[in-house]
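Descriptive structure summary
Given next are the chains, with one letter for each unit.
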Amino acid sequence: MHAAVWVREIWDTRDLVGEILDGSGRPKWNEWEGRFDPEDLNALEMALQLKDADSAWKVTGLSVGPVRKLDVLRECLYRGVDYAVRISHEGQASLHQEALWMAKAVNQLEDVRVVLTGIQINEGDYAQKGALLARRLGWPLVSYVEAIEAQEGDKLRLRRAVEGGIQVVEAPLPAVISVGVALLKEDPRAPRSAKAKLKLKHKKTPIPEWHARDLVAGENQVGLPPVEILGYRPLEQREFPSQRINGVEVSELKRMLSELREKGLVR
Amino acid sequence: MAGRIWVYLERGPGGILEESAAAVSFAAPAAQRWGLSLEGVCIGGSAFQIADAALGLERVLHLQGEGLEDFRAKAYGNAMEALMGDDPPELIVFPSTTQGEDLASWIGAAYHAGVLLGARSIKREGEGYVASRVEFEGKVEVDYLLKGRPVCITTEGQGPEGPSLGSTDVEVVAIPTAGAAEDATRIIHSDLVKRTVNLKDAKVIVAVGAGVGDEGTFQKVRELADLLKGELGATRAAVDAGWLSHDRQIGQTGAKVRPDLYVACGISGAAQHRVGMIESGTIVSINIDPNAPIFRYSHYCIEGDLREVVPKLIDLLKG
Ligand SMILES: Cc1cc2nc3c(=O)[nH]c(=O)nc-3n(C[C@H](O)[C@H](O)[C@H](O)COP(=O)(O)OP(=O)(O)OC[C@H]3O[C@@H](n4cnc5c(N)ncnc54)[C@H](O)[C@@H]3O)c2cc1C
């Protein structure tokens, strides 16, 4: 039994201060750090938990494209995956293409029963990559998964977060699982850290590269990418004339409340 | 055949979701401008539920068949593919929900057509559509060219008139659909709450974050909300920690609110929370960390421990 995890390096665009676009109106990508897509990291954790529970599982990390600043596949090895494969290609790739190559790679690996990936929509991600992949593979898809509750033979029992609550779903394998956000440390998706022992072991482990061209060899190529970014425009930001208030000082709190009263916000 | 736009009518515990009605109002002016017909697509459920949210649609295609009662991505995706065959509409507008994301992506892959989740605007240009989305935590708007057919977008947007829910005499065409059996995924158990509060109409919201920490502090914040005649709201972290139910979540995956007064208690101010509250009239935040990001988006930045500050505010309001 084999679990594949589709992982990615993304740009860390949290809390950027100052100009985001350069003189030519493009994002200043190279000024930012790379990071492991946090939900992909949650997906990796879930795959590793399958293996923790049943050693018959093997886990493979898969990623498309070259390393920019952080090698997420090596990070996968440091956390305990059995194999890692990088899909290489020339030029830009759209998510549609990435999903196609990923589907081909999954089919080349032996006995993949489940593919896990994160649900996060990052800058430039126009679609859910798990759903694109599920359609390519023709497999069922369960998205926004919070936890694998149990494995019963060739089925997984999954808990997912949907609008207004939760759902427990039984997914027949093979299936694609998109994993949601873990905010709390005790969340079952909260990722483990890299292990020192594995870091030593895998510092230099070669990571095989499969070329996209070979993955789709002999097939009708998919057409041109149907999505293209045309341009970026800065949006005006709201200004906040703000006051600091020392929460220990009752007089300061009192003054604030009377200002709010004057504005009719507090009665 | 004249071009057409579809809107996905998603069912929830209380009938068609308001988000879908909003998507209809978003698509209606566009359809009119471009001379395209506007149709709804609903999968499973009863026709009675549909009539309630179909204002503005020319007709509704209602897919019915075994295995279509509960949403399962592959079953619903297959059903829509079967309906479209090789004559898909030009554009399908989905609400910005988990179902909308799954289906828009699924169909985009099936037809090798353009997709954009979270579109804010859309216009027609040449052979395709140009849709925009807000990225970089609300700081940049990005234009995407979407080609192919059907172009699939999800949107939280709505038309100038807003969503209109209410009975209408729209024609509902029942379409028997097979193929759901190919998806053997099974819903074992659902625990869904019908929305009990409408935070959108609240004038005052007191929002709880992970910083509340313990039951005693939570009760104090509740008392503060009562005194301010406000509704309680929550961050996702506070919902995940069990302080409040999901229908009180504010942010990207919760409600977008704009009360006159917003009081953030123990909230860090993550971008996914901010998008739901940044348009509030006056923002007061209480945080123990002087560098909490929320302070950059607040009019009154109260530095202090909730356990001290909230009781003081309560005393002052009572006094
Ligand atoms: C795809 C996606 C969707 C998301 N959707 C949403 C959404 O819709 N809504 C949402 O809110 N979040 C959402 N999030 C999560 C978001 O990124 C943040 O993790 C979340 O908003 C943090 O909640 P918080 O501020 O309550 O908790 P934290 O970030 O943990 O902040 C707690 C704050 O409390 C302060 N504090 C601690 N103790 C005290 C004390 N005694 N007194 C005063 N202050 C104290 C701390 O200084 C800190 O600033 C989403 C995330 C993702 C990835």
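Here's a quick rundown of the structure. All residue numbers refer to positions counted from 1 along the written sequence of the respective chain. Chains carry letters from A onward and ligands carry numbers from 1 onward, assigned in written order. Predicted model: local features are reported for residues with pLDDT of at least 70 only, side-chain atom pairs are reported and counted for 80 or more only, and whole-chain, interface and lining totals are derived from all residues. Side-chain measures here rest on the full set of heavy atoms in the structure, leaving out hydrogens and waters.

Comments concerning the overall build of chain A
Each helix is a run of H or I in the DSSP string that is no shorter than four residues. Each strand is a run of E no shorter than two, and both are numbered from the N terminus. If you tally the helices and strands in chain A, you get seven helices and 13 strands. Seen through its principal axes, chain A has C-alpha atoms that stretch 70 × 50 × 40 Å. For each residue, the accessible area found with a 1.4 Å probe, counting protein chains only, is set against the maximum for its type, and the residue is called buried under 20%, exposed over 50%, and partly exposed in between. The 267 residues of chain A split such that 55% are buried. As used throughout, the charge tally considers Lys and Arg to be positive and Asp and Glu to be negative, leaving His and the chain termini uncounted. Here the site of a charge means NZ on Lys, CZ on Arg, CG on Asp, or CD on Glu. With 39 positive and 40 negative side-chain charges, chain A shows a spacing of 2 Å between the two charge centroids.

Some thoughts on helix α1 (residues 18-34) of chain B
Residue and element names in this part refer to chain B. How far a helix is expected to stretch is found by multiplying one less than its residue total by 1.5 Å. For α1, which comprises 17 residues, the first-to-last C-alpha distance of 25 Å matches the rise-based estimate of 24 Å (1.5 Å per residue) to within 8%. Fitting axes to the seven residues ending at a residue and to the seven starting there, one defines the bend at that residue as the angle between these axes. Where α1 bends most, at A27, the angle is about 25°, and the proline P29 comes one to four residues later. Inspection of α1 places S20, A21, A22, A23, V24, S25, F26, A27, A30, A31 and W34 among the buried residues, and these make up the whole buried set. G35 sits one or two residues past α1 and shows a positive phi near 65°.

Observations regarding the interface of chain B and chain A
Contact criterion: two residues are considered in contact whenever any of their non-hydrogen atoms come within 4.5 Å of each other. With 83 residues of chain B in contact, the opposing surface of chain A contributes 84 residues. Taken together, the two surfaces of chain B and chain A that pack against each other cover about 7,400 Å², and 58% of this comes from carbon and sulfur. A per-residue breakdown of the area chain B buries against chain A is headed by H112, F136 and Y300 of chain B, which together make up 11% of the total. Put simply, a salt bridge is a Lys or Arg side-chain nitrogen that is within 4 Å of an Asp or Glu carboxyl oxygen. For the interface between chain B and chain A, the tally reads seven salt bridges. Between D143 of chain B and R233 of chain A there is a salt bridge, with the nearest N and O atoms lying 2.6 Å from each other. Polar contacts here mean pairs of N or O atoms no more than 3.5 Å apart (in protein, one a potential hydrogen donor and the other a potential acceptor; neighbouring residues in sequence count only if both atoms are side-chain atoms). The interface formed by chain B and chain A includes 42 residue pairs in polar contact (both at pLDDT 80 or more). The dominant element in the side of chain B that touches chain A, judged by the number of residues it contributes, is helix α4 (residues 98-111) of chain B, at eight residues. A simple way to read buried area is as the amount of 1.4 Å-probe accessible surface that goes missing from two parts once joined, with both sides added.

Brief notes about the site of the ligand
Residues and elements named next belong to chain B. Not every one of the 29 residues close to the ligand is listed here, only the nearest: A210, T235, T253, S268 and Q272. Within the side chain of T253, an N or O atom sits 2.7 Å from a nitrogen atom of the ligand. Its free accessible area being 990 Å², the ligand has 82% of it covered by the protein chains. Residue composition of the shell around the ligand, by class: nine nonpolar, 15 polar and five charged. Residues are classed as near a molecule or strand on a simple rule: at least one heavy atom within 4 Å of it. For accessible areas, the Shrake-Rupley method is used with a probe of radius 1.4 Å. Any residue's cover is judged against the shown protein chains and nothing else. Residue classes follow a fixed rule: Ala, Val, Leu, Ile, Met, Phe, Trp, Tyr, Cys and Pro count as nonpolar, while Asp, Glu, Lys and Arg count as charged, and any other residue, Gly among them, counts as polar.

Looking at the pattern of salt bridges
Using the criterion set out here, one finds 43 salt bridges over all chains in the structure. Residues D154 of chain A and R113 of chain A are paired through a salt bridge, measuring 2.5 Å at the closest nitrogen-oxygen approach. Residue D154 of chain A is located in the loop between β7 (141-152) and β8 (155-162), and its partner R113 of chain A is located in strand β6 (residues 112-118); the two are separated by 41 residues in the primary sequence. With relative accessibility at 37%, the residue D154 of chain A sits in the partly exposed group. For R113 of chain A, a relative accessible area of 16% puts it in the buried group. For E39 of chain B, the salt bridge is made with R4 of chain B, and the minimal N-O distance between the two is 3.9 Å.

A short note on the packing of aromatic side chains
Any pair of aromatic rings gets described here by the distance separating the centres and the angle formed by the planes. Pairing of aromatic rings covers Phe, Tyr and Trp, the last through its six-membered ring, and needs centres within 6.5 Å; plane angles under 30 degrees mean stacked, over 60 mean edge-to-face, and all others mean tilted. Under the counting rule described, the total for this entry stands at nine aromatic pairs over all chains. With a centroid separation of 5.9 Å and an interplanar angle of 55°, the aromatic rings of W32 of chain A and F136 of chain B are classed as tilted. With one member in each of two chains, W32 of chain A in the loop between β2 (9-11) and β3 (34-36) and F136 of chain B in the loop between β9 (128-135) and β10 (140-146) form a pair that bridges those chains. Residue classification places W32 of chain A among the buried residues on the basis of a relative accessible area of 8%. Ring-pair connections join several aromatic residues into one group, and the members of that group are W11, W29 and W32 of chain A together with F136 of chain B. Between the NZ or CZ atom of K129 of chain A and the centre of the ring of W6 of chain A, over which it lies, the distance is 5.9 Å. Comment: the charge-over-ring label is applied if NZ (Lys) or CZ (Arg) is within 6 Å of the ring centre and within 35 degrees of the ring normal.

Overview of unusual backbone geometry
Only a minority of non-glycine residues have a phi that is not negative, and only a minority of peptide bonds are not trans. A cis amide bond links L173 of chain A with the next residue in sequence, P174 of chain A, at an omega value of 5°. On the secondary structure map, P174 of chain A appears in the loop between β9 (165-172) and β10 (175-179). Cis geometry marks the peptide bond from R149 of chain B to P150 of chain B; its omega dihedral reads 0°. Counting through the fold element by element, P150 of chain B comes out in the loop between β10 and β11 (151-155). The phi dihedral of D15 of chain A falls on the positive side, at around 55°, and the residue is not glycine. Along the chain, D15 of chain A falls in the loop between β2 and β3. Exposure remark for D15 of chain A: the relative accessible area of 33% places this residue in the partly exposed category.

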